[in-house]
Amino acid sequence: MDFIKKSPWIYHLNTGGCIGCDLELIACITPKYDIERLGCLLKGSPRHADILVVTGPLTRQTRDRAKRIYDQMPKKKIVVALGSCGITGGIFKESYCEAGPIDKDIHVDIYVPGCPPRPEAIIYGIKKALEKLQ
Amino acid sequence: MIQLAVTLVSAIFLIWLERKIKARSQYRIGPPIYQPILDLAKLFQKQNLRSSLSNPLMNFLPLISLLAVALIAYSLPLGNLGGSIDIISLIFLFALTSLIYVFAGLLSYSHYGFVGAKRELIQFFAFEIPFAFGIFSVAILAGTIYFYHPFPFSIVLIPSMIAFYIAGLAKLRRSPFDIPNAEQEIVAGALTEFSGPSLSVFLLSEWMEAFVICSVFVDLFFGFNDALISVALSYMVFISFILIDVVTPRARLDNMINFFRKFVIPLSVFGVVLCYLWTL
């Protein structure tokens, strides 16, 4: 049995967006949505995490760091790209400092659209990603 | 052997209780009761990653920590369940778990780990004196260093009891003394670089230590010759730790040192002297 589906720990990485998606991700752990009842925890260290949630377009500065953080996570790992910026670059697309969306460098399992996506959508996306692991 | 089983089950139950109480105090629902077991099982299924700069000895630290805690749990006179340990070994094994935490931070080659280890070492020097003196005062009253049955409540032990309680809070790294693993400042302190099975074993040893310290506290200061009452009292002590953890903010390192230097250490010295004068 895969216990990762029952206790997915999330690492949250902002790769240079506005913090809209980050606030919506934080809203998931507030009393109204409370993902801890599903076993999710927001972890500060990528070594502890199972799910990498990437918000924002990949800027030149964060590209190398994002790849390094992905490598620091132990297997099995899941990557979720959050919001319009995480998927395509969004409003920052073709900007001088933008180095392409995250899926150019890292395999992304699930894209959650929205600007920003609602917390329900984020929880649904994480659930889909865990189903895909099978 | 029964003590070890009780400790293992209680540790998992108490950690669930901690998460549940924290969640309910924030008007959240909180995790289901089997959540800690699932967390440990999941970590065992994951890869054991280690930075190339870190020391290979890092992988053995969680096992030593678990072994030290299991040894205390195995030989603890919990209520009327037999078991005996001398207080020197007790203090040594408790100090060992703190030192393992320091080594975990130093060997893992991470800045967060270094800072966490440094803070734990400073905190260790603060709480170790009241912690040891609390045990000494009971030994003076009992007239022996062998700890083979719970010691009944005595009014002269109250200063040592308060000092030991605060030291236990600092030893368990619960707020206001959660300085070494301050999540908002230094990620997870010394455990930042641990992943997979080694993190799982480390967490289990920390959880068991939480119950072991509560049961040592109950055995030393509220001894009952009944295992069930002892375990129930240990749970209540842990719940009081959690309630303090929930309502207090984190102390600054220098405030913590000053609090121990000016209040807790003198109180514990006073407790030992009081117990000595009582036996004269």
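Residues numbered from 1 in each chain as written. Chains lettered and ligands numbered in written order. Predicted model: local features only at pLDDT ≥ 70, side-chain atom pairs only at ≥ 80, totals over all residues. Heavy atoms only, no water.

1. Quick word on the packing of aromatic side chains
Inspection of every chain in the model, using the stated rule, returns 20 aromatic pairs over all chains. Directly above the aromatic system of tryptophan 9 of chain A lies the positively charged group of lysine 42 of chain B, at a separation of 3.8 Å from the ring centroid. The residue whose ring lies beneath arginine 173 of chain B is tyrosine 101 of chain B, and the NZ or CZ to ring-centre distance is 3.7 Å. (Phe/Tyr/Trp six-rings, centres within 6.5 Å; stacked < 30°, edge-to-face > 60°. Lys NZ or Arg CZ within 6 Å of the ring centre and 35° of its normal.)

2. Notes on a nonpolar patch on the surface
All names here are of chain B. The grouping of Leu53, Leu99, Phe103, Leu106, Tyr109, Phe114, Val115, Leu121 and Phe125 at the surface amounts to a nonpolar patch, some 830 Å² of accessible area in total. Of all the secondary structure elements, the ones that give two or more residues to the nonpolar patch are helix 4 (87-107) and helix 5 (111-142). It is helix 5 that provides the largest number of residues to the nonpolar patch, a total of 4 residues. Relative to the helices and strands, valine 115 resides in helix 5. (Patch = residues over 30% accessible without salt bridge, like charges linked within 9 Å, V, L, I, M, F, W, Y side chains within 5 Å. Areas by Shrake-Rupley, 256 points an atom, 1.4 Å probe, with all protein chains shown as cover. Salt bridge = Lys/Arg side-chain N within 4 Å of Asp/Glu carboxyl O. Helix = DSSP H or I, 4+ residues; strand = E, 2+ residues; numbered from the N terminus.)

3. Side note on the pattern of salt bridges
When charged atoms on two side chains of opposite charge get close, those side chains can pair. Inspection of the entire model under this criterion finds 22 salt bridges over all chains. Notably, a salt bridge pairs aspartate 34 of chain A with arginine 28 of chain B, separated by 3.1 Å at the nearest N-O pair. Linking aspartate 34 of chain A in the loop between helix 1 (20-27) and strand 2 (41-43) with arginine 28 of chain B in the loop between helix 1 (2-25) and helix 2 (35-45), this pair reaches from one chain into another. There is no split in this pair, since aspartate 34 of chain A and arginine 28 of chain B are both buried. Of the charged contacts, one joins glutamate 120 of chain B and arginine 173 of chain B as a salt bridge, the two residues approaching to 3.3 Å between their closest N and O atoms. Here arginine 173 of chain B lies in the loop between helix 6 (158-171) and helix 7 (183-186) and glutamate 120 of chain B lies in helix 5, a separation of 53 residues in the sequence. The same class applies to glutamate 120 of chain B as to arginine 173 of chain B, namely buried. Look at the salt bridges and you will find they share partners, linking Asp34 and Glu36 of chain A together with Arg19, Arg28 and Asp39 of chain B into a network. (Buried < 20%, exposed > 50% of the residue type's maximum accessible area, 1.4 Å probe, protein only.)

4. Description of the packing of helix 4 of chain B against helix 8 (residues 196-221) of chain B
Residues and elements named next belong to chain B. In the contact formed by helix 4 and helix 8, the axes pass within 12 Å of each other and the chain directions differ by 150°. By the angle between their directions, the pair helix 4 and helix 8 is classed as roughly antiparallel. By crossing handedness, the relation of helix 4 to helix 8 is classed as left-handed. Where helix 4 approaches helix 8, its residues Leu90, Phe94, Thr97, Ile100, Tyr101 and Ala104 are matched on the opposing element by Phe202, Glu206, Glu209, Val212, Ile213 and Val216. The class makeup of the residues in the contact of helix 4 with helix 8 is 9 nonpolar, 1 polar and 2 charged. (Axes fitted to C-alpha atoms, helices over the stretch in contact; angles between N-to-C directions. Parallel < 35°, antiparallel > 145°, perpendicular 65-115°, else oblique. Left-handed = near helix turned anticlockwise from the far one by under 90°. Contact = heavy atoms within 4.5 Å. Nonpolar A, V, L, I, M, F, W, Y, C, P; charged D, E, K, R; others polar.)

5. Side note on the interface of chain B and chain A
Facing the 29 residues of chain B at the interface are 28 residues of chain A. Summed over both sides, the interface between chain B and chain A buries roughly 2300 Å², with carbon and sulfur atoms accounting for 52% of that surface. For glutamate 36 of chain A, the salt bridge goes to arginine 19 of chain B, with nearest N and O atoms at 2.9 Å. Remark: the boundary between chain B and chain A carries 18 residue pairs in polar contact (both at pLDDT 80 or more). (Buried area = accessible area lost by both parts, 1.4 Å probe. Polar contact = N/O pair within 3.5 Å; in protein donor to acceptor, adjacent residues only side chain to side chain.)

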